[in-house]
Number of protein chains: 2
Amino acid sequence: MQVPGKNEFLSRIDRLQQSLRTQGSDGFLVTQHIALYYLTGSMQAGFAFVPTAGDATFYVRRSVDRAQDESAVRVEPLPTLRAFRPMLERDYPQLFASGRAATIATEMDVLPAQTYAKLAQLIAGGDGSVLTDGSAMIRRLRMIKSPYEIGRIEAAAAATAEALEEATAELKEGMSELALMARIEYGLRMRGHIGLMRTRSYNMEIMTGMVGAGEAAAEPSAFDGPAGGRGLGPAAPQSVSRRLISRGEPILIDIGCCIDGYVIDQTRTAVIGSLPDGLAAAYEQSVAIIREAERLMMPGTPSELLYAAAIEQAAKAGLSANFMGHGMNQVKFLGHGIGLEVDEWPVLARGFADPLEPGMTIAVEPKFTFPGRGVVGIENSYVVTDRGPRQLTKSPEKLIVVP
Amino acid sequence: MQVPGKNEFLSRIDRLQQSLRTQGSDGFLVTQHIALYYLTGSMQAGFAFVPTAGDATFYVRRSVDRAQDESAVRVEPLPTLRAFRPMLERDYPQLFASGRAATIATEMDVLPAQTYAKLAQLIAGGDGSVLTDGSAMIRRLRMIKSPYEIGRIEAAAAATAEALEEATAELKEGMSELALMARIEYGLRMRGHIGLMRTRSYNMEIMTGMVGAGEAAAEPSAFDGPAGGRGLGPAAPQSVSRRLISRGEPILIDIGCCIDGYVIDQTRTAVIGSLPDGLAAAYEQSVAIIREAERLMMPGTPSELLYAAAIEQAAKAGLSANFMGHGMNQVKFLGHGIGLEVDEWPVLARGFADPLEPGMTIAVEPKFTFPGRGVVGIENSYVVTDRGPRQLTKSPEKLIVVP
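A quick note: this is a predicted structure, and the numbers were derived from the prediction, not measured. (Residues numbered from 1 in each chain as written. Chains lettered and ligands numbered in written order. Predicted model: local features only at pLDDT ≥ 70, side-chain atom pairs only at ≥ 80, totals over all residues. Heavy atoms only, no water.)

Engineer: So what's going on with the environment of Gly377 of chain B? Residues and values would help.
Structural biologist: Residue and element names in this part refer to chain B. Residue position: Gly377 is located in strand β14 (residues 374-377). Residue class for Gly377 comes out buried when judged on its relative accessible area of 0%. Spatially, the C-alpha atoms of Gly377 and Asp109 are 31 Å apart, while their sequence positions differ by 268 residues. Not counting the four nearest positions on each side in its chain, Gly377 is found in contact with Leu252, Thr267, Arg268, Thr269, Tyr283, Ser286, Pro366 and Lys367. (Helix = DSSP H or I, 4+ residues; strand = E, 2+ residues; numbered from the N terminus. Buried < 20%, exposed > 50% of the residue type's maximum accessible area, 1.4 Å probe, protein only. Contact = heavy atoms within 4.5 Å.)

Engineer: Tell me what's going on with the domain arrangement of chain A, and back it up with residues and numbers.
Structural biologist: All names here are of chain A. Assigned domains within chain A: domain 1 (6-141) and domain 2 (144-402). Once you take the C-alpha centre of each, domain 1 and domain 2 turn out to be 35 Å apart. Each partner contributes to the interface: domain 1 provides 17 residues, whereas domain 2 provides 14 residues. Note on domain 1 versus domain 2: buried area summed over both sides is about 1300 Å², and carbon and sulfur give 48% of it. Here domain 1 and domain 2 share three salt bridges between them. The salt bridge partner of Arg12 is Glu149, with a shortest N-O separation of 3.8 Å. Linking domain 1 with domain 2 are five residue pairs in polar contact (both at pLDDT 80 or more). Going through the elements one at a time, α1 (6-23), α2 (33-40) and α7 (135-143) are the ones with two or more residues in the side of domain 1 that touches domain 2. (Domains from an automatic or database assignment. Buried area = accessible area lost by both parts, 1.4 Å probe. Salt bridge = Lys/Arg side-chain N within 4 Å of Asp/Glu carboxyl O. Polar contact = N/O pair within 3.5 Å; in protein donor to acceptor, adjacent residues only side chain to side chain.)

Engineer: Which residues make up the relation of the copies chain B and chain A, and what are the values?
Structural biologist: Relative to chain A, chain B is turned by 180° and slid 0.0 Å along the rotation axis, the superposed coordinates differing by an RMSD of 0.0 Å. Between the two chains, the operation in question is that of a two-fold axis. When the interface residues of chain B are mapped onto chain A, 100% of them are again interface residues, pointing to one common binding face. (Least-squares fit on C-alpha atoms with pLDDT ≥ 70 in both.)

Engineer: I'd like a rundown of the environment of Pro226 of chain A, residues and numbers included.
Structural biologist: All names here are of chain A. Here Pro226 lies in the loop between α10 (215-218) and β8 (251-259). Residue class for Pro226 comes out buried when judged on its relative accessible area of 8%. In this structure the C-alpha to C-alpha distance between Pro226 and Thr369, which are 143 residues apart in sequence, comes to 7.8 Å. The contacts of Pro226, once residues within four sequence positions are left out, are Met324, Gly325, Val331, Phe333, Glu365, Lys367 and Thr369.

Engineer: Now, about the pairing of strand β16 (residues 388-391) of chain B: what can you tell me, with residues and values included?
Structural biologist: Residues and elements named next belong to chain B. With four bridges connecting them, strand β15 (residues 380-385) and β16 associate as antiparallel partners. Residue pairing in the sheet places Thr385 in a bridge with Gly388 of β16. Here β15 hands over to β16 after two residues, the two strands then running antiparallel side by side. (Pairing = 2+ DSSP bridges.)

Engineer: Could you give an account of the sheet that holds strand β16 (residues 388-391) of chain A, with specific residues and numbers?
Structural biologist: Residues and elements named next belong to chain A. One open sheet accounts for five strands, arranged β11-β10-β12-β15-β16; its pairing is antiparallel. The sheet terminates laterally at β11 (344-348) and β16, the two strands that pair on one side only. Strand-to-strand, the axes of this sheet are offset by a mean angle of 30°, without reference to chain direction. For strand β12 (residues 361-364) and strand β15 (residues 380-385), the ladder comprises four bridges, and the chain directions are antiparallel. Counted as the bridge partner of Ile362 is Tyr382 from β15. (Axes fitted to C-alpha atoms, helices over the stretch in contact; angles between N-to-C directions.)

Engineer: Before we move on, can you summarise the packing of aromatic side chains with the specific residues and values?
Structural biologist: Residues and elements named next belong to chain A. Enumeration according to the criterion identifies 15 aromatic pairs over all chains in this entry. Centre to centre, the rings of Tyr59 and Phe84 are 5.2 Å apart; their planes meet at 70°, and the pair counts as edge-to-face. Of this pair, Tyr59 sits in strand β3 (residues 57-62) while Phe84 is found in helix α4 (residues 84-91), placing the two residues 25 residues apart along the sequence. Each member of the pair, Tyr59 together with Phe84, is buried. On the basis of an interplanar angle of 45° and a centroid distance of 5.3 Å, the ring pair of Phe323 and Phe368 is categorised as tilted. Of the two residues, Phe323 is situated in the loop between α12 (303-316) and β10 (335-337) and Phe368 in strand β13 (residues 367-370); the sequence distance between them amounts to 45 residues. Judged on exposure class, the residue Phe323 and its partner Phe368 are both buried. Ring pairs connect the aromatic residues Phe47, Tyr59 and Phe84, which therefore count as one cluster. Sitting over the ring of Tyr38, Arg142 keeps its end group 5.9 Å from the ring centre. (Phe/Tyr/Trp six-rings, centres within 6.5 Å; stacked < 30°, edge-to-face > 60°. Lys NZ or Arg CZ within 6 Å of the ring centre and 35° of its normal.)

As structure tokens, then:
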């Protein structure tokens, strides 16, 4: 485990404080384990408070010992939830014991309503301080990765490339999607994958992605992606199924892992024998789209432009109906940010007009879905630099062909 | 995949309607994917509405096709979120177009505050209908399992027993916790484990549990259990580490899996060679505590009584300081419900005074923590029947000894 220095975390807090000042908030109440890690370096249970200026504090329920070892900011044991507001008044008297109501941002997009209500009541205290939605602030902050973070994503990319190579060496006719995935996951786990790729969205689950063969990959699903997969049944209705892999059908391998908290996301298409003509052409089209996305991936380009360009290319190729899903199950994006979560900002989609910036890490995943036949495509992850994209994905970019 | 008949789901809805009537609510808005599956048989994306009387409806964003195949209740495509309230008025005019404000329960313990706020605004409509907290209602409903559900938990138990036996056959000195876990997980995955054990609590993650050797198992953690484990680093601070397993130290193997949506949870202690004297005695004490818990596990017994009895036994054995964690990191329960989630009700803890009932499925996990040395203990899962507990865990109940 490579652990960064304290400045890594303190500089993130500094950037959060800048945006708190811009937004006119008095502080940020951090509750999600992922954000706690991002800002303090420790994922222990508790709450962190980041004032607009001055030092942050991590109020820890458990383990206090471990938080003290890990945290870049001051740790205070939090004996009970009830003790929280009095401790804030003691530590931040200019905010919480000043007689005026403070405006505190928090992560309302992930914090459960019940816990939010409890915290809002606590924070209100005697002065009517309020908890407002700071989700966008923290998502925006996390869009820009440090060199340390990019290094961790590359470590995850290397593990994924190795595990994929090992597993596809064993790919053969009659192997199930589940068996191929189990083999990939074993390789990922042995290399330090924590076992899941964390997600921000409610009800979304990704452990290591999906392997989908033939028509099973093309089945519609609840999953907000171009290919969810058939899954193991109604209670696990995405990712792999027990379907056996046959000759001459596309095998979509959309996988990643999480190393030291950071995820990579990539897709390769494999086949035993060769792809049918129409699908081979669509695969080449996904390569063409990713080349164009790379060309556009410069600082200053609006994210949505990459999506618009891909839509246009798919249309020119006569593949609009198959691009990023099929029919009413098409998804409306080309790619997404990756980092501590797999569904980070920016999203390459209409409405995301903000310009790309150096340090953004983005998975770009052009795919074509053919109901009853399968899904083909490719996905690479990149970091945006001053000179354009640098690819983070380590797997060779090619159709994986098993004789 | 074994899929139950529609009556399985309709009878759950019927029981939910009974408790809605008791509580004076007009309906339940179901948002969590797990609850959607529990009540409709489908885990597709959308919202289900269960009125106090009459038919429920599943309003589906995606995939509508799949929901139509799976759902035991009527499916309506939900084109946009904005369309939701008008559709409710159309389908439930006596509730939503009656001029009076409706009181609708929802899962405020898992629903993010931001989504809750959006839904509350939608539901309010022109009549001021309100969304109230129905978390306890749905948790209580799910405490009592059907024969189908118990069968699925047993299927998960069988997979876990087989995977554990395969993996411990390869256990040897110098193997890492991570490598042993990767081997267990491979076996679980090949048997249909979906890859994680779903949890209800905010910030809680369990994929397959933990393997903890020697002092690494005894380290305090954020995890709300008697032994969280060292983990792979600050960004994954629980479960396995890369620590190598040595001779003569306890190896705590607290694992489970999720088959067809249902989880099992079990713990066995293993050792290469033999346990040191003090730890061997503590292990025997955990066996004695589970025997006493079995004796008490009769319908009508308050859940908290099992915890109180265990506390007393640990005290008599002079092991109070080591029971269920150590020092300020002790947890205050002996066991927990299992089902679609691993942290279900009832909890065997002070304050849970409700009597045990037939159909409850409970993991009982007496463990003793020795800082610097390790954790020993045992965990079995049971279903409460009229005649007492029936064990669901299939692994032989013994200390696993590798020569």
